[in-house]
Amino acid sequence: MDKLKKKIIRYFLICALAIPVLDALSNEFFDSVMERTLSSGAADAPHIPSVVLIFVATILVSLLILAASATVFYCLVRKAVEAESKRQAAEQNMLYSCIAHDLKTPMTSIQGFAAALRDGRIKDEELGEVCDIICLKTRYMNELVDTLSAYSKLGTENYTLNLQETDLCVLVRDTAAMYYSDFESKGIEMIADIPDEPLLCRLDKKEFTRAVGNVIINAFRHNPSGCRVLIKVHSVNGQPSITIADTGDRISQELVPTLFEPFVSGNASRTSGTGSGLGLAVSKRIAEKHGMTLSYSTEIPGYSKGFVFLTAAR
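Everything numeric here is computed off the predicted structure, so don't read it as measured data. (Residues numbered from 1 in each chain as written. Predicted model: local features only at pLDDT ≥ 70, side-chain atom pairs only at ≥ 80, totals over all residues. Heavy atoms only, no water.)

## So, the side chain of threonine 311
To be explicit about the condition: Secondary structure counts use DSSP, requiring at least four H or I residues in a row for a helix and at least two E residues in a row for a strand, with both numbered from the N terminus. Identification of polar contacts relies on pairs of N or O atoms within 3.5 Å, with a donor-acceptor requirement for protein atoms, meaning one able to donate a hydrogen and the other able to accept it, and with residues adjacent in sequence counted only if both atoms are side-chain atoms. Two residues qualify as a contact provided that any one of their heavy atoms is within 4.5 Å of a heavy atom in the partner residue.
Relative to the elements of secondary structure, threonine 311 occurs in strand 7 (residues 305-311). Here the side chain of threonine 311 touches proline 240 through a polar contact of 3.2 Å, landing on its backbone oxygen. Ignoring sequence-local partners within four residues, the contact set of threonine 311 consists of Gln239, Pro240, Gly291 and Met292.

## Examining the environment of threonine 243
Heads up, the rule is: Remark: exposure states derive from per-residue accessible area (1.4 Å probe, protein chains only) relative to the maximum for the residue type, with buried under 20%, exposed over 50%, and partly exposed in between.
Tracing the sequence through the fold places threonine 243 in strand 5 (residues 239-246). According to the relative accessible area criterion, threonine 243 is buried, its value standing at 6%. Distance in space between the C-alpha atoms of threonine 243 and serine 297 is 9.5 Å, their sequence separation being 54 residues. Those residues in contact with threonine 243, other than ones at most four positions away along the chain, are Leu230, Ile231, Lys232, His234, Ile300, Phe307 and Val308.

## Re the side chain of asparagine 223
Tracing the sequence through the fold places asparagine 223 in the loop between helix 6 (205-221) and strand 4 (228-236). A polar side-chain atom of asparagine 223 sits 3.2 Å from a polar atom in the side chain of aspartate 246. Side-chain polar atoms of asparagine 223 contact the side chain of lysine 305, separated by 3.1 Å. Asparagine 223 has contacts with Lys186, Ile188, Asn218, Asp246, Gly248, Asp249 and Lys305, leaving out every residue within four places of it along the chain.

## Here's the deal with the sheet that holds strand 2 (residues 189-193)
The pairing of strands in a sheet happens through backbone hydrogen bonds and is either parallel or antiparallel. This is how it is decided: Strand pairing is assigned whenever DSSP identifies at least 2 bridges connecting the two strands. Between the N-to-C directions of two axes lies an angle of 0 to 180 degrees, each axis being a line fitted to C-alpha atoms and, for a helix, fitted only over the stretch in contact.
Spatial ordering of the open sheet is given by 2-4-5-7-6, a layout of five strands whose pairing is mixed. Strands with a single pairing partner mark the edges of an open sheet, and in this sheet they are strand 2 and strand 6 (292-297). Averaged over neighbouring strand pairs, the angle between their axes works out to 15 degrees when direction is ignored. Two strands pair when backbone bridges link them, and strand 4 and strand 5 are joined in this way by eight bridges, in the antiparallel orientation. The residue of strand 5 that forms the bridge with valine 229 is aspartate 246. Sitting on the sheet, helix 4 (residues 168-178) touches strand 2, strand 4 and strand 5, and the angle it makes with strand 4 is about 170 degrees.

What follows is the structure, encoded as structure tokens:
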């Protein structure tokens, strides 16, 4: 939607600037015609009908320029709006399709295990494991619906952040601590490089915690055991920044351009129920709502890849 607004403003400025330029050119032409007409007549009896005709023609051409510019602007805007509507419709269709696909797998598993429990086909020693699987699948489904809700909400024009003066260091430190056990269970070392000194920013604590958390979750879900993950808070040219980097394999070049699009996480991870592919898309929208950027980088010293939150310079 922001791109559409910028495009409409650009079209308006182009058309608005074109009107005085074309009008000035037409006036210059008619002025020269008027001068030739007056100079060709007798000094005491100028060609009055010709002068009136030229004056009327000048007004008509000005009106024609205005009408033509308005028509061009209308056509450009209509085309841009239609293109944006088609894009949004395609995105919604893709969202619904992917949600249905991603919910079907865990729902099928839950249904199968529930039927086995009902029919007494689960051995006593397997009961705990089956219950854990059902809990894991329902947790994934709940996370998927919650993330989809967040993605949709952040895309609306009326949604506003609840901004408060917040210590970014404390927020990132607390968010990282929530997932410490996940890193331990996966055998991944978490390295926190977060200053003790406050770094104050105006943030929506709930949403920004979600944004940082999504990137941290990616780090332990999509990297093998033995990797190192850096979670760093620092300043770049005086602007607060967060870097979440790891020593795992780099993302394939084919996926990089679509990393922040919804449901791009690799078919294997989505099918297995380890990631919805919405996390980075949500994080990017939250970052942009805060006037920040979220980018993928392979130029972090000591690490193969990472994601960087950076506050836009003011």
